[in-house]
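Close look at the chain arrangement
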Amino acid sequence: PVDYSGTWNMLSNDNFEGYMVAINIDFATRKIAGLLKTQKVIRQDGDSFTMKTLSTFRNYSSSFKIGVEFDEVTQGLDNRKCKSVVNWVGDKMVCVQKGEKGNRGWTHWIEDDQLYLDLYCEDQVCQQIYERK
Ligand code: RET
């Protein structure tokens, strides 16, 4: 099985702007956020996860257990409430964020020791790639 634990540094961030527009991040925040090289700190304990997204501007943290729906508030992003659930699809982690926004969620996977993250909202996809610190 894949081990997501560790500290990961952003290598690339494709169409973050489109994703941020889709979740209604305001212009000024997008200009700042678009320049960030975020870091992911992931703690995996069996099927329990804590995922921290760290940056010089703002941080975001969430904790969940695979297959267990949880109430997520996207604090510091668009501050919306979602009913979220993360499931394994093979070795990929697939999250569905049910709420006001359609087709919202994300997928994490590891390939060649790089961490991939696709962020979805409506018709937008942002693809991020991270390398191990
Ligand atoms: C930042 C800076 C402020 C504006 C925005 C941000 C986006 C964060 C995102 C985090 C995704 C986290 C995931 C966690 C998985 O558990 C960087 C906080 C919009 C999109 C997928």
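Data block above holds the structure.
1. Re the sheet that holds strand S7 (residues 92-98)
Strand pairing in a sheet takes place through backbone hydrogen bonds and is either antiparallel or parallel in direction. Across the sheet, 10 strands lie side by side as S4-S3-S2-S1-S10-S9-S8-S7-S6-S5; this open sheet has antiparallel pairing. Strands at the two margins of the open sheet, each flanked by one partner only, are strand S4 (60-65) and strand S5 (70-73). Sheet twist, expressed as the average angle between the axes of neighbouring strands with direction ignored, equals 25°. Across seven bridges, the pairing between strand S6 (residues 81-89) and S7 is antiparallel. If you follow Lys83 over to S7, its bridge partner there is Lys98.

2. Some thoughts on the packing of aromatic side chains
Overall, the coordinates contain eight aromatic pairs when judged by the stated rule. Their ring planes at 10° and their centres at 6.5 Å tell us that Phe16 and Tyr19 sit as a pair that is stacked. With Phe16 and Tyr19 both in helix H1 (residues 16-22) and three residues apart, this pair spans about one turn of that helix. Each member of the pair Phe16 and Tyr19 is classed as buried. Ring centres of Trp109 and Tyr116 lie 5.1 Å apart, and the angle between their planes is 10°; on these two criteria the pair is classed as stacked.

3. What to know about the site of the ligand
Around the ligand sit 17 residues, and of these Lys40, Met51, Ser62, Leu77 and Trp106 come closest. Between Ser62 and the ligand, the recorded distance is 3.3 Å, taken from a side-chain N or O atom to an oxygen atom. Of all the secondary-structure elements, those providing two or more residues to the shell around the ligand are H1, strand S3 (48-54) and S4. Tallied by class, residues from the shell around the ligand come to 12 nonpolar, four polar and one charged.

4. A look at the state of the cysteines
Applying the stated criterion across every chain, the model contains zero disulfides. No disulfide involves Cys121; its sulfur sits 8.9 Å from that of Cys82, the nearest cysteine. Judged by relative accessible area, Cys121 falls into the buried class, the value being 0%. Of all cysteine sulfurs, the one in Cys121 lies closest to Cys126, which takes part in no disulfide; the gap is 12 Å.

Here is what the cut-offs are and how they apply
- Residues numbered from 1 in each chain as written.
- Predicted model: local features only at pLDDT ≥ 70, side-chain atom pairs only at ≥ 80, totals over all residues.
- Heavy atoms only, no water.
- Pairing = 2+ DSSP bridges.
- Helix = DSSP H or I, 4+ residues; strand = E, 2+ residues; numbered from the N terminus.
- Axes fitted to C-alpha atoms, helices over the stretch in contact; angles between N-to-C directions.
- Phe/Tyr/Trp six-rings, centres within 6.5 Å; stacked < 30°, edge-to-face > 60°.
- Buried < 20%, exposed > 50% of the residue type's maximum accessible area, 1.4 Å probe, protein only.
- Near = heavy atom within 4 Å.
- Polar contact = N/O pair within 3.5 Å; in protein donor to acceptor, adjacent residues only side chain to side chain.
- Nonpolar A, V, L, I, M, F, W, Y, C, P; charged D, E, K, R; others polar.
- Disulfide = S-S within 2.5 Å.

Nothing here speaks to function; it is all geometry.
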